[in-house]
Amino acid sequence: MARPAGPAAAALTGLVFRQLFEKESSTYTYLLGDEASKEAILIDPVVETAERDAKLAEDLGLKIIYGINTHCHADHVTGTGKLKQLVPGMKSVIAEKSGAKADMFINDGDVLKFGQHKLEVRATPGHTDGCVSYVLNDGVMCFTGDAVLIRGCGRTDFQQGSAARLYDAVHSKIFTLPDKCIIYPAHDYKGLMNSTVLEEKTLNPRLTKNKEEFIEIMNNLGLPYPKQIDRALPLNLVDGQVA
Ligand SMILES: *[C@@H]1O[C@H](CO)[C@@H](O)[C@H](O)[C@H]1NC(C)=O
Ligand SMILES: [Fe+2]
């Protein structure tokens, strides 16, 4: 990855970073580690690839302290339950508002530390009411879950979704981050792996519209019923624990 100069370079010093992919649900999982302390955080793991992720962390000498979810997913079963069995001491984390079980609940403004690095929690509801984004080291990277996707956004037609809330959250909590902040979404169906705040502020076909137009678009997407929702939702509400 190209190393930016100035404050961003300092913010990435000693950081281990891997973007991982689960192809059935097109989910991205992110491993973030601190080189010095070896503490690591895994964002949005998937149950089918939990063993791969645990092995990678082990290979790199990292100890996953938190397995965190951006929200209670409807399109895949979270890997946090399985990872707790594979990684002794790992705590699962999700927003309190998600209504899902976990070892630890977070809210807007909370900070999760791993070694010298930190993730700030920003509430970005609208796709679900418990969606959060995680901002690394004051704005170098942002893990947006399904709030902001590359040139898109998560649907708002189930799980207490609200187009109006999503619009307000993205504009106040994501588009106010530095333009260069790299956006890493929970999914990409076209293989685009990342974006930036500036790109989405200027090129996102939905989120560049005004609020009324955005709501109109979101209320008329006509999307099919999600493939894995009947399996995924009940399991994710109990931290993906496959008994
Ligand atoms: C962003 O994604 C592109 C592929 O689209 C990749 O080449 C690049 O290394 C990624 N950059 C970062 C900083 O992850
Ligand atoms: Fe989702």
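What counts as what
Residues numbered from 1 in each chain as written. Chains lettered and ligands numbered in written order. Predicted model: local features only at pLDDT ≥ 70, side-chain atom pairs only at ≥ 80, totals over all residues. Heavy atoms only, no water. Axes fitted to C-alpha atoms, helices over the stretch in contact; angles between N-to-C directions. Helix = DSSP H or I, 4+ residues; strand = E, 2+ residues; numbered from the N terminus. Parallel < 35°, antiparallel > 145°, perpendicular 65-115°, else oblique. Left-handed = near helix turned anticlockwise from the far one by under 90°. Contact = heavy atoms within 4.5 Å. Nonpolar A, V, L, I, M, F, W, Y, C, P; charged D, E, K, R; others polar. UniProt positions renumbered as here; feature names shortened; annotations may be inferred. Pairing = 2+ DSSP bridges. Salt bridge = Lys/Arg side-chain N within 4 Å of Asp/Glu carboxyl O. Buried < 20%, exposed > 50% of the residue type's maximum accessible area, 1.4 Å probe, protein only. Donors = N, O, S within 2.8 Å, 3.2 Å for Na, K, Ca; no water. Phe/Tyr/Trp six-rings, centres within 6.5 Å; stacked < 30°, edge-to-face > 60°.

J.: Mind showing me how you'd approach the packing of helix α4 (residues 163-174) against helix α6 (residues 211-218) here?
T.: Any two packed helices are characterised by how steeply their axes cross, that is the angle between the axes, and by the distance between the axes. Between α4 and α6, the shortest axis-to-axis distance is 9 Å and the interhelical angle comes to 130°. Between α4 and α6, the angle falls in the class oblique. Two packed elements cross with a definite hand, and for α4 against α6 that hand is right-handed. Of the residues in α6, those touching α4 at Ala-163, Ala-164, Leu-166, Tyr-167 and Asp-168 are Lys-211, Phe-214, Ile-215 and Met-218. Here the contact of α4 with α6 is composed, by residue class, of seven nonpolar, no polar and two charged.

J.: Just checking my understanding: could you explain the UniProt feature "domain: Metallo-beta-lactamase" (unreviewed entry) in the protein for this structure?
T.: As annotated by UniProt and renumbered to match this structure, "domain: Metallo-beta-lactamase" (unreviewed entry) occupies residues 26-187. Secondary structure content for residues 26-187 is 18% helix and 32% strand, while the C-alpha to C-alpha distance between its ends is 6 Å.

J.: Even after reading the chapter, I still don't get the sheet that holds strand β1 (residues 15-22), so can you show me in this structure?
T.: Sheet strands pair via backbone hydrogen bonds, and the direction of the pair is either parallel or antiparallel. Strand order across the open sheet formed by six strands is β1-β2-β3-β4-β5-β6, with mixed pairing between neighbours. Strands with a single pairing partner mark the edges of an open sheet, and in this sheet they are β1 and β6 (104-106). Strand-to-strand twist across the sheet, computed as the mean angle between neighbouring axes with direction ignored, equals 25°. Note that strand β3 (residues 39-43) and strand β4 (residues 63-68) share five bridges and pair parallel. Counterpart to Ile-41 in the pairing with β4 is Tyr-66. Contacting β1, β2 (27-34), β3 and β4, helix α2 (residues 50-59) crosses the sheet at an angle of about 160° to β1.

J.: Got a minute to help me understand the pattern of salt bridges in this structure?
T.: When their charged atoms lie close together, side chains carrying opposite charge are able to pair. Following the criterion strictly, the structure yields 13 salt bridges and no others. Linking Lys-173 and Asp-108 is a salt bridge whose minimum nitrogen-to-oxygen distance equals 3.0 Å. Of this pair, Lys-173 sits in helix α4 while Asp-108 sits in the loop between β6 and β7 (111-114), and the two are 65 residues apart along the sequence. Given the relative accessible area of 23%, Lys-173 is considered partly exposed.

J.: Can you walk me through the coordination of the iron ion (ligand 2) in this structure?
T.: The protein atoms that coordinate the iron ion (ligand 2) are His-71 (NE2), His-127 (NE2) and Asp-146 (OD), at distances spanning 2.0 to 2.3 Å. Ordering the donors of the iron ion (ligand 2) by residue number gives the pattern H-x55-H-x18-D. Here the residue His-71 occupies a position in the loop between β4 and α3 (80-86), and His-127 occupies one in the loop between β8 (117-123) and β9 (132-136), the gap between them amounting to 56 residues.

J.: Would you take a moment to explain the packing of aromatic side chains for this structure?
T.: For any two aromatic rings, the description comes down to two numbers: the centre-to-centre distance and the angle of the planes. Scanning the entire structure with this criterion turns up nine aromatic pairs. Ring geometry for Phe-17 against Phe-143: centres 6.2 Å apart, planes inclined by 50°, an arrangement best described as tilted. Residue Phe-17 is located in strand β1, and its partner Phe-143 is located in strand β10 (residues 141-145); the two are separated by 126 residues in the primary sequence. By relative accessible area, which is 17% here, Phe-17 ends up buried. Seen in terms of ring centroids, Tyr-167 and Phe-214 are 5.2 Å apart; in terms of plane orientation they differ by 50°. Their pairing is tilted. With a gap of 47 residues between them, Tyr-167 in helix α4 and Phe-214 in helix α6 connect regions that are remote in the sequence. Taken together, the ring pairs connect Phe-17, Phe-21, Tyr-28, Tyr-30, Phe-143 and Tyr-184 into an aromatic cluster.

J.: Just to check I follow, could you spell out the environment of Leu-221 for this structure?
T.: With respect to the secondary-structure elements, Leu-221 resides in the loop between α6 and α7 (229-236). Using a relative accessible area of 28% as the deciding quantity, one classes Leu-221 as partly exposed. Separated by 64 residues in the primary sequence, Leu-221 and Asp-157 place their C-alpha atoms 9.0 Å from one another.

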